[in-house]
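An overview of the molecular structure
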Amino acid sequence: MISFIGAGPGDPELLTIKGKKLIDGADVIVYAGSLVNPAVLKDAKPTAEIYNSATMNLDEVIDVMSKAEKEGKKVVRVHTGDPAVYGAHREQMDRLDKLGITYEVIPGVSSVFASAAALKKEFTLPSVSQTVILTRMEGRTPMPPGEKLEDLAKHHATMAIFLSIGFLDKMTEQLIKGGYTLDTPVAVVYKASWPDQKIIIGTLKDIEKKVKDAGITKTALTLVGDFLGDEYELSKLYDPEFTTEFRQGKVKN
Ligand code: SAH
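Read on for a plain summary of the structure. (Residues numbered from 1 in each chain as written. Predicted model: local features only at pLDDT ≥ 70, side-chain atom pairs only at ≥ 80, totals over all residues. Heavy atoms only, no water.)

**Thoughts on helix H2 (residues 58–70)**
Stated formally: Here a strand is any run of E in DSSP of at least two residues, a helix any run of H or I of at least four, and the numbering for each starts at the N terminus. A helix's residues, less one, multiplied by 1.5 Å, set its expected span. Burial classes follow relative accessibility: with a 1.4 Å probe on protein chains only, a residue under 20% of its type's maximum area counts as buried, one over 50% as exposed, and anything between as partly exposed. Contacts are residue-level and defined by heavy atoms, with any inter-residue pair within 4.5 Å sufficient. Under this definition, polar contacts are N or O atom pairs within 3.5 Å; protein pairs additionally need one hydrogen-donor-capable and one acceptor-capable atom, and for neighbouring residues in sequence, both atoms have to be side-chain atoms.
The terminal C-alpha atoms of H2 lie 18 Å apart, and with 13 residues this matches the ideal 18 Å at 1.5 Å per residue to within 8%. Regarding H2, the residues found buried are Val61, Ile62, Val64, Met65, Ser66, Ala68 and Glu69. Elements that come into contact with the buried residues of H2 comprise strand S1 (2–6), strand S2 (28–31), strand S3 (49–52), strand S4 (75–79) and helix H3 (90–99). Between the side-chain oxygen of the N-cap and the backbone nitrogen of Asp59 there are 3.1 Å, and the N-cap of H2 in question is Asn57. After H2 finishes, the residue Gly72 shows a positive phi value of roughly 80°.

Structure representation (structure tokens):
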């Protein structure tokens with residue numbers, strides 16, 4: 001069985017114990033070298049064959065994995081963050097299905113959550129936003145109808161925009177067109193959880209310049225919304241007067 005593993009956002013200690021055990025025991029490792037921190041492979045077996053998928057196409061990846069699997073070797077496929085977000089692992093799984101090769105998926109810490117942790121913010125604040133939209137700008141991959149940034153902006157939800165730091169000018173333009181005000185807070189997190197992590201805080205008005213000045217051109221997530229501000233209502237979960245399944249609320253007097 002082939003194991004797809006979410007390697008986490010960068011810090012090797014953010015790899016799951018399950019993922020680490022599988023990597024450390026693997027005979028063949030195919031990892032997404034453009035973003036996966038090679039440090040997550042540091043305890044791999046000295047005999048392990050290691051392939052960087054950044055220089056391989058889909059056929060080549062499937063070839064390496066299926067041959068090794070047929071030879072009885074343990075194969076792991078290591079993706080950045082969690083593979084379910086822009087991981088392109090679905091097309092690999094479908095090919096393995098056709099070849100009759102079984103697989104499992106071990107989730108990882110997505111950069112979206114590592115970024116929230118770096119910012120020390122909560123995406124879902126009562127009365128501010130209870131919805132998180134994970135999206136991207138249209139690039140070579142077209143956006144399906146209704147999913148243009150401008151359309152999504154209408155919800156005023158918390159937005160995490162992947163793969164788009166190179167188009168920050170268009171991004172802010174579309175968000176404003178969609179109804180966000182110029183003073184909406186924006187955070188750009190570059191290489192969340194890596195030693196050279198950077199956080200840029202601004203508004204839709206000034207973020208582009210700030211990010212440019214910081215020299216950030218890739219590996220960054222843009223987070224938009226009033227969850228970055230300081231106004232919200234306290235949760236019901238810890239409200240002293242609110243009774244939950246586990247706790248009796250105090251009666252107001
Ligand atoms: N599966 C990954 C996302 C892959 S798409 C995940 O769950 O995180 C690649 C995009 O993810 C990058 O363009 C960037 O927007 C974001 N990204 C990946 N690692 C990052 C990190 N450590 N810090 C900030 N953004 C990151």
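**A closer look at the packing of aromatic side chains**
To keep it simple, the criterion reads: Aromatic rings from Phe, Tyr and Trp, with only the six-membered ring used for Trp, were paired whenever their centres fell within 6.5 Å, and each pair was classed as stacked if the ring planes differed by under 30 degrees, edge-to-face if by over 60, and tilted otherwise. When the NZ atom of lysine or the CZ atom of arginine is within 6 Å of a ring's centre and also within 35 degrees of its normal, the charge is said to sit over that ring.
The tally for this structure, following the rule as stated, stands at four aromatic pairs. Residues Phe4 and Tyr103 carry aromatic rings whose centres are separated by 6.0 Å and whose planes lie at 90° to one another, so their mutual orientation is edge-to-face. On the criterion of sequence distance, the pair formed by Phe4 in strand S1 and Tyr103 in strand S5 (residues 103–106) is long-range, its members being 99 residues apart. According to the relative accessible area criterion, Phe4 is buried, its value standing at 0%. A residue is classified by how much of its surface remains accessible, and Tyr103, at 24% relative accessible area, is partly exposed. Here the aromatic rings of Tyr86 and Phe162 are separated by 5.3 Å at their centres, their planes lie at 55°, and the arrangement is tilted. One end of the pair, Tyr86, is in the loop between S4 and H3; the other, Phe162, is in strand S7 (residues 158–162), with 76 residues separating them in the sequence. Given the relative accessible area of 8%, Phe162 is considered buried. In textbook terms, an aromatic cluster arises when at least three aromatic residues are bridged by ring pairs, as seen for Phe113, Phe123 and Phe227. The ring of Tyr86 carries the charged tip of Arg136 above its face, separated from the ring centre by 5.9 Å. We note Lys191 situated over the ring of Trp194; from NZ or CZ to the ring centre the distance is 4.2 Å.

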